[in-house]
Amino acid sequence: MAIKIRLARAGAKKRPFYQVVVADERCRRDGRFIENVGTYDPTKNPAAIKLNAEKAQAWLEKGAQPTDTVRQLLKNAGILDKVAAPAA
């Protein structure tokens, strides 16, 4: 079972709002998820990002893989830098 940290879309048409969730990669985009670790609102200027750093870091240490967009959000929040790089 591969675990991803990804965005789940909410909000009205043309007014996106996203939840940053931890989910099994086989589940639908807006479907079942394991845990909610934050929110992302791109309609604000600048974009509003609220992340629970402890939860996100714990899931990254457990091996959850962030999607490209979430990777950038975590990097900008400084969470990705705190997680030790996996040994190759």
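Please read all numbers here as calculations on a predicted model, not as lab measurements. Here the residue numbering is sequential within each chain, running from 1 through the sequence in written order. Given that this is a predicted model, residues contribute local features only at a pLDDT of at least 70 and side-chain atom pairs are listed and counted only at 80 or more, while totals for whole chains, interfaces and linings are drawn from all residues. Computation of side-chain values covers all heavy atoms of the structure but excludes hydrogens and water.

Draft legend 1. Representation of the environment of Val-20 within the structure. Helix and strand assignments come from DSSP, with helices taken as H or I runs of at least 4 residues and strands as E runs of at least 2, each series counted from the N terminus. Structurally, the position occupied by Val-20 is in strand β2 (residues 17-24). The class for Val-20 is buried, based on a relative accessible area of 1%. Sequence separation between Val-20 and Lys-4 is 16 residues; the distance between their C-alpha atoms is 10 Å. Throughout, a residue-residue contact means that at least one pair of heavy atoms, one from each residue, lies within 4.5 Å. In contact with Val-20, other than residues within four places in its own chain, are Ile-5, Arg-6, Leu-7, Glu-35, Asn-36, Val-37, Gly-38, Thr-39, Leu-51 and Val-70. Per-residue accessibility, obtained with a 1.4 Å probe over protein chains only, is compared with the maximum for each type, and a residue is labelled buried under 20%, exposed over 50%, and partly exposed between these values.

Draft legend 2. Spotlight on helix α2 (residues 68-77). Taken residue by residue, α2 has Val-70, Leu-73 and Leu-74 as its buried positions. For α2, the buried positions fall inside an angular range of 95 degrees around the axis, keeping them on one side. Structural note: α2 exposes Asp-68 and Asn-76 on the side pointing more than 90 degrees away from its buried face. In this structure, the buried side of α2 is in contact with β1 (3-10), β2, β3 (35-41), β4 (48-51), α1 (53-61) and β5 (65-66). Downstream of α2 by a residue or two, Gly-78 has a phi angle that is positive, lying close to 80 degrees. Working note: the arc is built from the helix axis to C-beta atom directions.

Draft legend 3. Here's a closer look at the sheet that holds β5. Whether two strands pair comes down to DSSP finding at least two bridges between them. Spatial ordering of the open sheet is given by β4-β3-β2-β1-β5, a layout of five strands whose pairing is mixed. Two strands close off the open sheet at either side, each with one partner strand: β4 and β5. Here eight bridges tie β1 to β2, and the two strands are oriented antiparallel to one another. Note that in β2 the partner of Lys-4 across the bridge is Ala-23. Contacts from α1 reach β1, β2, β3, β4 and β5, with the element oriented near 120 degrees to β3. Every angle, taken between N-to-C directions, lies between 0 and 180 degrees, and every axis is a line fitted to C-alpha atoms, over only the stretch in contact when it is a helix.

Draft legend 4. Structural context of α1. Listed as buried for α1 are Ala-56, Trp-59 and Leu-60. The arc that holds every buried residue of α1, seen down its axis, measures 100 degrees, which confines them to one face. Along α1, exposed side chains directed more than 90 degrees from the buried face belong to Glu-54 and Glu-61. Pairing of N or O atoms within 3.5 Å defines a polar contact, subject to two protein rules: one partner must be a possible hydrogen donor and the other a possible acceptor, and residues neighboring in sequence count only if both atoms are side-chain atoms. Where α1 begins, the capping side chain belongs to Asn-52, and its oxygen is found 3.3 Å from the backbone nitrogen of Glu-54. Directly after α1, the chain includes Gly-63, whose backbone phi takes a positive value near 110 degrees.

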